[in-house]
Number of protein chains: 2
Amino acid sequence: MTKRMLTDMFEWFDQENGEVAIFIPWVTTHHLQKRIVSRCHQEVNRGKKKVEVLFVENICDDPSILMENMKVKLKYAPEWKDRPLKESMQSLQTQIVKYQTKFDTINDDSFSYVKIINLRSKVICNGIFGHLPSVITTFLMSIHIGIRPVWLTTPAQFTHTDGQLSATDDGEKFRRQLPLFLQKRLPNNSDLIVFTAPDKTSSKTVEYLPWTHKIETPVLNLLSAGVCTGMSKADIANKMPEVWQKWRKDPYHFRFPSGESYEDLVYRLDPFILQLERFTVPVLVVVHDTVLQVLYSYFKNQDVTQSPLLHLPKHTIIELASARTGWTEKSFPLAKAEENI
Amino acid sequence: MTKRMLTDMFEWFDQENGEVAIFIPWVTTHHLQKRIVSRCHQEVNRGKKKVEVLFVENICDDPSILMENMKVKLKYAPEWKDRPLKESMQSLQTQIVKYQTKFDTINDDSFSYVKIINLRSKVICNGIFGHLPSVITTFLMSIHIGIRPVWLTTPAQFTHTDGQLSATDDGEKFRRQLPLFLQKRLPNNSDLIVFTAPDKTSSKTVEYLPWTHKIETPVLNLLSAGVCTGMSKADIANKMPEVWQKWRKDPYHFRFPSGESYEDLVYRLDPFILQLERFTVPVLVVVHDTVLQVLYSYFKNQDVTQSPLLHLPKHTIIELASARTGWTEKSFPLAKAEENI
């Protein structure tokens, strides 16, 4: 079984040009660990690409975390969810004892590994060098089982007249509804952290929020269009038809002169997304369309290269809740969107 | 002695609004560790700001690393450097044995700590939550004792005529000298990684380099001037006098409309700087003035708020070499700079 999985993995690397494979064996003995590493070394000797091995172990001996985890498993896993709780708990515990004998913790310091003990309270990293393993380690140190909502939305609509900014009718309605909505949805006595893009429309959108924890950060700046900054799509199409054509052809990879591509934006948002994963308190994020498209793709586990084509409604709160199976989504329109402003 | 140091530290937090203090005790017993933590908790109870404690331990039992470290100490530390090597080595070893009895490794998992074993080959983190401790941990996992040069420079000078880019005479001289210079300065058989800003002048500057490891990354984009992108200083002063005045008054904190401030740029460059620290092979970085100013300030350990005022010469390579006392610098002008292009 394991041998077949390893073979599949190498097919993924060789024939489908895969870059990362996650291999979850049923058992993990010292013998298997050694076999995986030596198999990867063999591949290099056969002139194929170098495959680095990073072992990840999730070790838990905290009874309260264990119990919490078992309850979640019994509630949601298809093979358990319809059986009586007490009986299931006993057979799950018997299974765990049985499997324990087939798991050896890594003790060979010539391997690269991360051991997460009691869900990130303690982390042991060995032989972690280079960019990718460091990012993986930082991610693993960020995740937790806390459940809290993340709210995403774009700024309210405003009109610019003579340098003055004033909210449209629906924009104003959205600004006023926002605190009421959040007060209703916030868990009891919970704190709220508000992140906004560093511009006036974003900060004015959250003006009526009573929570003081408001952070404006340039990491949430909209996609930089470089020399096209401030131009409308029609402007670009008219004045710089070449740029417009290239952007139309491949909106994900095309980089505006002196600016960014969506791919660059994803790279820029990476640490912010890690920060969002790390938070255990509710978070509201107010950002412009381009950034929202990328964040939404991440949480919905959608192909990020398609994010430039996502249409996300205005004056609407996207509520994401962390769940065992990823993030679940609800949408709350708080005001109509006026198009063509 | 230790008590006095702790008192000084709290004065720094309370009276000078300090945010981070690094406390290096002569001994570190379990008793002292507990005292530090309880003293910080007492401060909270007295209504002062919350001080979080992160212990960092550097543990080394690899004889080759130890020997390397002792040699460096005997060569550079003022109290050792002029004494005969053999004699010094013996007394240093005697001192180490003496001090060993006064060092207890942290074994209380209610504390936050990072243990770096044999200089980052193994790292144990406990109770690391939140942004700052994560950044510190990532930094500690990145440093190493490898010595390699980092070369910084700006792109060669080009002129733009009818959408065509051509190097000036000195720009061309710089492009041609660059590979010769690097070949001479590169350690034997060493690899070279080239990072450039993602624009034509930067990539054309490194066109003649024979090394294939060239990475264009948007993290190295010049400071985004937002709606002022592409405008010269004179243009901004004429057309947007208000923006110009604000920028002149506080060039570090002023953020261009829809763009960035230098402070934002520092934030953006943070992960790149970590990456530079992590590399054990030589690196060449070709970036525009604004980014160079920030990188240079970091490596020279200078006040980064003064970076907008730094004047760095064109067509010149800044060679930084990691040394025990920080980074040392040499400058190599490869061609004259033509001003007022």
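Check the entry above for the structure.
The rules we used
Residues numbered from 1 in each chain as written. Chains lettered and ligands numbered in written order. Predicted model: local features only at pLDDT ≥ 70, side-chain atom pairs only at ≥ 80, totals over all residues. Heavy atoms only, no water. Contact = heavy atoms within 4.5 Å. Salt bridge = Lys/Arg side-chain N within 4 Å of Asp/Glu carboxyl O. Polar contact = N/O pair within 3.5 Å; in protein donor to acceptor, adjacent residues only side chain to side chain. Patch = residues over 30% accessible without salt bridge, like charges linked within 9 Å, V, L, I, M, F, W, Y side chains within 5 Å. Areas by Shrake-Rupley, 256 points an atom, 1.4 Å probe, with all protein chains shown as cover. Helix = DSSP H or I, 4+ residues; strand = E, 2+ residues; numbered from the N terminus. Axes fitted to C-alpha atoms, helices over the stretch in contact; angles between N-to-C directions. Parallel < 35°, antiparallel > 145°, perpendicular 65-115°, else oblique. Buried < 20%, exposed > 50% of the residue type's maximum accessible area, 1.4 Å probe, protein only. Expected span 1.5 Å × (residues − 1). Bend = angle between axes of the 7 residues up to and from the residue. Least-squares fit on C-alpha atoms with pLDDT ≥ 70 in both. Disulfide = S-S within 2.5 Å. Pairing = 2+ DSSP bridges. Phe/Tyr/Trp six-rings, centres within 6.5 Å; stacked < 30°, edge-to-face > 60°. Lys NZ or Arg CZ within 6 Å of the ring centre and 35° of its normal.

## Regarding the interface of chain B and chain A
A common way to express how large an interface is: the accessible area buried when the components associate.
Piece 1. Listed by partner, the interface residues are 36 residues for chain B and 36 residues for chain A.
Piece 2. One can count two salt bridges joining chain B with chain A.
Piece 3. A salt bridge links K122(B) to D109(A); its shortest N-O distance comes to 3.0 Å.
Piece 4. Inspection of the region where chain B meets chain A yields eight residue pairs in polar contact (both at pLDDT 80 or more).

## Re a nonpolar patch on the surface
Piece 1. A cluster of nonpolar side chains, V20(A), I22(A), I24(A), L132(A) and I136(A), forms an exposed patch at the surface whose accessible area comes to about 510 Å².
Piece 2. Inspection of the secondary structure assignment puts I136(A) in helix α5 (residues 131-142).

## Focus on the packing of α5(A) against helix α10 (residues 262-278) of chain A
Residue and element names in this part refer to chain A.
Piece 1. Across the interface, α5 lies against α10 with an axial gap of 8 Å and an inter-helix angle of 25°. Judged on the interaxial angle alone, α10 and α5 are roughly parallel. Contact residues: T138, F139 and S142 in α5; L274, E277 and R278 in α10.

## Focus on the pattern of salt bridges
Piece 1. All chains considered together, the criterion is met by 20 salt bridges over all chains.
Piece 2. Between E87(A) and R83(A) there is a salt bridge, and its shortest N-O distance comes to 3.9 Å.
Piece 3. The exposure class of R83(A) is partly exposed, given its relative accessible area of 38%.
Piece 4. E319(B) is paired through a salt bridge with R185(B); the nearest N and O atoms lie 2.7 Å apart. One end of the pair, E319(B), is in strand β10 (residues 316-323); the other, R185(B), is in helix α6 (residues 169-185), with 134 residues separating them in the sequence.
Piece 5. Its relative accessible area of 9% is what places E319(B) among the buried residues.
Piece 6. Residue R185(B) is classed as partly exposed on the basis of its relative accessible area, which comes to 33%.
Piece 7. Linked by salt bridges that have partners in common, E172(A), R175(A), R176(A) and E207(A) make up one network.

## Some thoughts on α10(A)
Note: α-helices contain 3.6 residues per turn, so residues at a spacing of three or four share the same orientation.
Residue and element names in this part refer to chain A.
Piece 1. The terminal C-alpha atoms of α10 lie 24 Å apart, and with 17 residues this matches the ideal 24 Å at 1.5 Å per residue to within 8%.
Piece 2. In α10, a bend of some 40° at D270 exceeds every other bend along the element, and P271, a proline, comes one to four places later.
Piece 3. Judged by how many residues are buried, α10 sits mostly within the fold: 12 of 17 residues are covered.
Piece 4. Regarding α10, the residues found buried are Y262, D264, L265, R268, L269, F272, I273, L274, Q275, L276, E277 and R278.

## Considering the relation of the copies chain B and chain A
In this structure, two copies of a chain are linked by a rotation about an axis accompanied by a shift along it.
Piece 1. When chain B is fitted onto chain A, the two copies agree to an RMSD of 0.1 Å after a turn of 180° and an axial shift of 0.0 Å. Both copies of the chain, as the preceding transformation shows, are related through a two-fold rotation axis. Closest approach to the rotation axis within chain B is made by the C-alpha atom of I124(B), at a distance of 2.1 Å.
Piece 2. Of all interface residues in chain B, 100% are interface residues in chain A too; the two copies therefore contact each other through one and the same surface.

## Topic: the state of the cysteines
Piece 1. Under the counting rule described, the total for this entry stands at zero disulfides over all chains.
Piece 2. No disulfide involves C40(A); its nearest neighbouring cysteine sulfur is the one of C125(A), lying 20 Å away.

## Regarding the sheet that holds strand β7 (residues 193-196) of chain A
Residue and element names in this part refer to chain A.
Piece 1. Strand order across the open sheet formed by six strands is β8-β7-β9-β4-β10-β11, with mixed pairing between neighbours. Where the open sheet ends on each side, the last strands, each with one partner, are β8 (214-216) and β11 (326-333). Within this sheet the neighbouring strands show an average axis-to-axis angle of 20°, counted without direction.
Piece 2. As paired strands, β7 and β8 are joined by three bridges and run parallel to one another.

## Details of the packing of aromatic side chains
Piece 1. In total, this model carries 22 aromatic pairs over all chains according to the counting rule given.
Piece 2. Ring geometry for W247(A) versus F256(A): centroids 5.6 Å apart, planes at 35°, classification tilted.
Piece 3. Overall, F256(A) belongs to the buried group, its relative accessible area being 6%.
Piece 4. Among the aromatic residues, ring-to-ring pairing joins W247(A), F254(A), F256(A) and Y262(A) into one connected group.
Piece 5. Over the aromatic face of Y99(B) sits the side chain of K98(B), whose NZ or CZ is 6.0 Å from the ring centroid.
Piece 6. Stacked on the ring of Y113(B), the Lys or Arg K115(B) has its end atom at 5.3 Å from the ring centre.

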